[in-house]
Every structure is written in C-alpha cells, then in structure tokens.
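Below are the chains, spelled out letter by letter.
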Amino acid sequence: MKNILDKNSYFGRFRKVVLAEFGETEGEKIWAQAGELCTKYLSENKDAVKDARTVAYPMASIYTALQEKISAEAALQLMMEYAPSAGEAAKQKMAKITAFPGLPKLIWLNREAIMKSAGDEKKGYRSKIVEVSKESVTMHVYSCPIHETLKQLGMPEVAPVMCAIDKISTTGIRGVCYHRTMSVAEGDAYCDYYITRE
C-alpha cells in the first residue's frame, strides 16, 4: 500500500529521519502508521483548505506516530531538527522556480497582490496588508490554517515546525528579501511578513 506521506513536498524526506532514528523495521512501522493516520485525516476532512491538507494533517500524523515510541517532547525535537533541511530543500525549489529571466521583477511589481493572495481568507488565513511602499510591503497574519488545524487536533506545539521551514524556504524567492520576526504559532499576536527589494 502506498504511503501518502512519501510524496509530501515538505515531509516526504522525513521518512529517512525515522529510519535512521529507529532502524528500518521499526521505522517503517512508524512511517506506515503516520501514513495511515494522514489518509484518515484527509478522508474525514475533504473540505479542509490546502495548507491544512498538505501541512497540518501530515505533521499531526507524523507527530502522533512518533509518540508510539518516544515522548511528545522527543518527537517534537526530532521534527524541529528536521525543519532546517526541509526549509533548505524548499528554498532551492523556490529559487529554481523564480530564476526565469524577468520573473523577479514581475514578482516585485505584483508584490501587494501576491501577498494578499498568500494570506487570503479562502485559503484559511486572516491577514492584513499594513504597509506598501516603493521599497517594501508588510503583511500581518493573525490566523493561520496550519496553526488552527493543529489547535483543533490538540497539538498546537507542532505548528512552529512549519514556521521554521517557512522562514528558510521563503528566502529562496529571487528578487526579494524576506523577513519574519514574529509568529502566531510561537505565541505572538501575529506573524509579521516583511518583504523588501533584493
């Protein structure tokens, strides 16, 4: 049976971490359990927004499966240790996608619309563009579907794993410099996305 997590763009590579940590036999069991749980979450939440389906439910599944062998604290630590490499892989993809001639300029010209789209309510976000200038754009995100979904599942402490991935991956967008110093998932009032020209 295929494991839905194997093709996940952020967490598919976490299988190697699990096998390295627990050995092939036990690791494959944990990974299979995580995949089954993720499939269950997805089948029960077919109307969930994309970021809940592709990020929150996979993270919750992995976190839960790991706790069959280790404590919640150890599971979270293992996932947080993985975040930088996942962020770097996503950053490289982002850099490749935005490397086409003229695209960085186009991204900058449409920065406000792109930010609005990224924080759209239809995608499960509650956000506001708070500043736009010739040199920058700032958006505050007050609610994120990844964090909200994980809160509903009783495991909000896992959300910062994706925050850590995101903080690295978005620096791969060519033509802009990305900054974030605050995060709702880490206890702040909002996530402060601040983008300037490269």
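Our subject is the structure that appears above.
Owing to the predicted nature of the structure, the values given are computational and were not obtained by experimental measurement.

**Observations regarding the overall build of the protein chain**
- Helix and strand content of the protein chain: 8 helices and 4 strands.
- Its helices and strands in sequence order give the protein chain the pattern α-α-α-α-α-α-β-β-α-α-β-β, from N to C terminus.
- Taking 198 residues into account, the globule formula puts the C-alpha radius of gyration at 16 Å, and the protein chain, at 17 Å, falls close to it.
- For the protein chain, with 198 residues in total, the buried portion stands at 42%.
- Within the protein chain, counting contacts between residues at least 6 apart in sequence, those at least 24 apart form 56% of the total.
- Summing over all exposed atoms, the protein chain offers an accessible surface of approximately 10,800 Å²; the carbon and sulfur share of this is 54%.

**Looking at the side chain of Thr149**
- Summarising the element assignment, Thr149 is placed in helix H7 (residues 145–152).
- For Thr149, a relative accessible area of 9% puts it in the buried group.

**Remarks on helix H4 (residues 72–97)**
- Helix length check: H4, at 26 residues, gives a terminal C-alpha distance of 36 Å against a target of 38 Å (1.5 Å per residue), a fit within 8%.
- Of all the bends found along H4, the most pronounced is centred on Ala83 and spans about 35 degrees, while Pro84, a proline, follows it within four residues.
- Among the residues of H4, those classed as buried are Ala75, Leu78, Met79, Tyr82, Ala83, Ala86, Gly87, Ala90 and Ala95.

**Observations concerning the packing of helix H3 (residues 50–66) against H4**
- At a closest axis distance of 9 Å, the pairing of H3 and H4 adopts a crossing angle of 130 degrees. Compared by their axis directions, H3 and H4 come out oblique. As H3 packs across H4, the resulting crossing turns out to be right-handed. Residues Met59, Ile62, Tyr63 and Leu66 of H3 lie in contact with H4, whose contacting residues are Ala72, Ala75, Leu76, Leu78 and Met79.
- Within the contact of H3 with H4, the residues separate by chemical class into 9 nonpolar, no polar and no charged.

**Some remarks on the pairing of strand E2 (residues 136–143)**
- The element E2 is largely enclosed, with a buried count of 7 among its 8 residues.
- Bridging between strand E1 (residues 126–132) and E2 involves 6 bridges; their strand directions are antiparallel. What sits directly across from Arg126, in E2, is Ser143.
- Hairpin connection from E1 to E2: 3 residues lie between these consecutive antiparallel strands.
- Summarising the sheet, E2 and strand E4 (residues 191–197) pair through 6 bridges and their orientation is antiparallel. Bridging across to E4, Val137 finds its partner in Ile195.

Thresholds applied
Residues numbered from 1 in each chain as written. Predicted model: local features only at pLDDT ≥ 70, side-chain atom pairs only at ≥ 80, totals over all residues. Heavy atoms only, no water. Helix = DSSP H or I, 4+ residues; strand = E, 2+ residues; numbered from the N terminus. Rg over C-alpha atoms; globule rule 2.2 N^0.38 Å. Buried < 20%, exposed > 50% of the residue type's maximum accessible area, 1.4 Å probe, protein only. Contact = heavy atoms within 4.5 Å. Areas by Shrake-Rupley, 256 points an atom, 1.4 Å probe, with all protein chains shown as cover. Expected span 1.5 Å × (residues − 1). Bend = angle between axes of the 7 residues up to and from the residue. Axes fitted to C-alpha atoms, helices over the stretch in contact; angles between N-to-C directions. Parallel < 35°, antiparallel > 145°, perpendicular 65-115°, else oblique. Left-handed = near helix turned anticlockwise from the far one by under 90°. Nonpolar A, V, L, I, M, F, W, Y, C, P; charged D, E, K, R; others polar. Pairing = 2+ DSSP bridges.

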